[in-house]
Amino acid sequence: YFGCGLAIPGFLDGMHVLDLGSGSGRDCFVISKLVGDNGYVVGIDMTDEQLSLANKYIDYHTKKFGLSKPNVEFRKGYIEKLGEAGLKDNSFDVIVSNCVVNLSPDKKTVLQEAFRVLKPGGELYFADIYTDRPLSEAARKSDLMWGECISGALVWKDLVMYAEEVGFETPRLVTSYIYDVPFDCVKQLLEGARFSSATYRLVKKKADIKPVPVKAIYKGSLTECGQSFELDASHTFEAGIPLEVAGDVAAVLKSTRFAVHFDFEELPVTDVDENKEYERSVEQADPFAYAVRTGATKNIFTDENQKAVEALLRNEVVVQ
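Residues numbered from 1 in each chain as written. Predicted model: local features only at pLDDT ≥ 70, side-chain atom pairs only at ≥ 80, totals over all residues. Heavy atoms only, no water.

Draft legend 1. Spatial organisation of the overall build of the protein chain. Along the backbone of the protein chain there are twelve helices and 14 strands. The globule rule puts the C-alpha radius of gyration for 320 residues at 20 Å, and the 21 Å found for the protein chain is close to it. Over its C-alpha atoms, taken along the principal directions, the protein chain stretches across nearly 65 × 50 × 35 Å. Within the protein chain, contacts between residues separated by at least 24 positions form 78% of all contacts whose residues are at least 6 apart in sequence. Counting only carbon and sulfur atoms, one obtains 50% of the accessible surface of the protein chain, whose full area is about 15,700 Å². Each charge class in the protein chain was averaged separately, 36 positive and 49 negative side chains, and the resulting centres sit 3 Å apart. (Helix = DSSP H or I, 4+ residues; strand = E, 2+ residues; numbered from the N terminus. Rg over C-alpha atoms; globule rule 2.2 N^0.38 Å. Contact = heavy atoms within 4.5 Å. Areas by Shrake-Rupley, 256 points an atom, 1.4 Å probe, with all protein chains shown as cover. Lys, Arg positive; Asp, Glu negative; His and termini not counted. Charge placed at Lys NZ, Arg CZ, Asp CG, Glu CD.)

Draft legend 2. View of the environment of Val117. Positionally, Val117 belongs in helix H4 (residues 107-117). With 29 residues separating them in the primary sequence, Val117 and Lys88 have C-alpha atoms 5.8 Å apart. The contact partners of Val117, leaving out residues within four places of it in the chain, are Leu18, Leu82, Leu87, Lys88, Asp89, Asn90, Ser91, Phe92 and Ile95.

Draft legend 3. How the structure looks around helix H1 (residues 26-35). Among all positions in H1, only Asp27, Cys28, Phe29, Ile31, Ser32 and Val35 are buried. Buried residues along H1 sit in contact with strand E1 (16-20), strand E2 (40-45), helix H2 (48-56), helix H3 (58-64), strand E3 (72-76) and strand E4 (92-98). Where H1 ends, the next residue or the one after it, Gly36, has phi of about 75°, a positive value. (Buried < 20%, exposed > 50% of the residue type's maximum accessible area, 1.4 Å probe, protein only.)

Draft legend 4. Up close: a nonpolar patch on the surface. Together, Leu53, Tyr57 and Tyr60 line one region of the surface with nonpolar side chains, adding up to about 280 Å² of accessible area. Along the chain, the position of Tyr57 falls in the loop between H2 and H3. (Patch = residues over 30% accessible without salt bridge, like charges linked within 9 Å, V, L, I, M, F, W, Y side chains within 5 Å. Salt bridge = Lys/Arg side-chain N within 4 Å of Asp/Glu carboxyl O.)

Draft legend 5. Structural context of the packing of aromatic side chains. Across all of its chains, the model carries 14 aromatic pairs by this definition. Seen in terms of ring centroids, Tyr177 and Tyr179 are 6.3 Å apart; in terms of plane orientation they differ by 65°. Their pairing is edge-to-face. On the accessibility criterion, Tyr179 (12% relative accessible area) is buried. Sitting above the plane of the Phe115 ring, Lys204 keeps its charged end 4.7 Å from the centroid. (Phe/Tyr/Trp six-rings, centres within 6.5 Å; stacked < 30°, edge-to-face > 60°. Lys NZ or Arg CZ within 6 Å of the ring centre and 35° of its normal.)

Draft legend 6. Highlighting the sheet that holds strand E13 (residues 262-266). With respect to topology, three strands assemble into an open sheet ordered E12-E9-E13, the strand pairing being antiparallel. In this open sheet, the two edge strands, each paired with only one partner strand, are strand E12 (243-245) and E13. Going across the sheet, the axis of each strand differs from the next one's by a mean of 35°, ignoring polarity. Sheet topology note: the strand E9 (residues 214-218)/E13 ladder contains five bridges and is antiparallel. (Pairing = 2+ DSSP bridges. Axes fitted to C-alpha atoms, helices over the stretch in contact; angles between N-to-C directions.)

Draft legend 7. The nonpolar core, seen in detail. One finds Leu18, Leu87, Leu124 and Tyr200 to be the most contacted residues of the largest nonpolar core, which totals 37 residues. Broken down by element, this core gets its largest block of residues, five residues, from helix H7 (residues 156-166). Apart from the residues within four sequence positions on either side, Leu124 is in contact with Ile95, Leu111, Ala114, Leu118, Phe168, Tyr200, Arg201 and Leu202. Core analysis: the second largest hydrophobic core is formed by 22 residues, Cys149, Ile150, Val181 and Val186 among them. (Core = buried A, V, L, I, M, F, W, Y, C linked by side-chain atoms within 4.5 Å.)

Draft legend 8. Region of interest: unusual backbone geometry. Even without being a glycine, Phe11 presents a positive backbone phi close to 65°. Within the chain, Glu191 stands out as a residue other than glycine whose phi angle is a positive 50°. Within the secondary structure, Glu191 sits in the loop between helix H8 (184-190) and strand E8 (195-203).

Draft legend 9. Representation of a negative patch on the surface in the model. The grouping of Asp273, Glu274, Glu279 and Glu283 at the surface amounts to a negative patch. Relative to the helices and strands, Glu274 resides in helix H10 (residues 274-284).

Draft legend 10. Region of interest: the pattern of salt bridges. Within this structure, the stated rule accounts for 16 salt bridges. Between Arg116 and Asp89 there is a salt bridge, and its shortest N-O distance comes to 2.7 Å. Taken together, the positions of Arg116 in helix H4 and Asp89 in the loop between E3 and E4 put the pair 27 residues apart, joining distant regions of the chain. Since its relative accessible area comes to 22%, Arg116 is described here as partly exposed. For Asp89, a relative accessible area of 46% puts it in the partly exposed group. The partner of Arg172 in a salt bridge is Asp248, with the nearest N and O atoms 3.6 Å apart.

Draft legend 11. Focus on the side chain of Asp248. Topologically, Asp248 is positioned in helix H9 (residues 247-255). Polar side-chain contacts of Asp248 include one of 2.3 Å to the side chain of Ser281. If we ignore the near neighbours within four places in the chain, the residues touching Asp248 are Arg172, Pro211 and Ser281. (Polar contact = N/O pair within 3.5 Å; in protein donor to acceptor, adjacent residues only side chain to side chain.)

This is the structure in structure tokens:
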């Protein structure tokens, strides 16, 4: 399986969805089934070979899924320049991406373009690799590490900063695991940096929604998850049970497609320490803290790869 995992959110029926870096179209075809006849999927990729392969199977999946007409298309373009691919402002409900943003040399622009084409209340739901510190020049120039999506890994706190600067709410961490670094030669190159594969929701809040703390009561009406709805790694809602949430979380719930599945009760007006609330939201976005708590890990390389990895890195040192 290529990528960081299945970066597809639930509750997509009738949605318009964009896949950044759609490759052979696999995720797009899965999503085309989920959005149904009333939804639509656009995949964007810069590689002619991948686009050709994806287009080859549009009719197959249309028939296989029992759709009345094709509801997916693939466009050539760059994820930093969605306008050049004809993608207009406020045109998508959901954007997904699976371990592609880290390959971009201008990640902030990717987020800026995603924000632009999302409808108010829409979300960017994506999986990628993150690190806990800036990488050395040698690590960033390693072809092997680029191929493993390591060299382009974004410092997770920079994700928070970039997301907020372009207009998103503070990123909501959905899940993460530690991307463990084996072999002394790799550890030496990466100089102690840690890595995490993480999935986030970035929400484009509706302008009229104010970030006010509330009691949120899930109605139990989301058929895909039944009586328990998980917004992110820090917030799971049980049907009929009020849960007090901070203003930023309330704004996310009220803005998105989930709003109709909740009742909201305003809390008594109190002095709110906004700095403390913000610090808590940033802490909840830390993929390393969550992965350590859950014990979730995965090796970048298997033991069988050790000799090949060592040889490749030696060759890179000689070339450089």
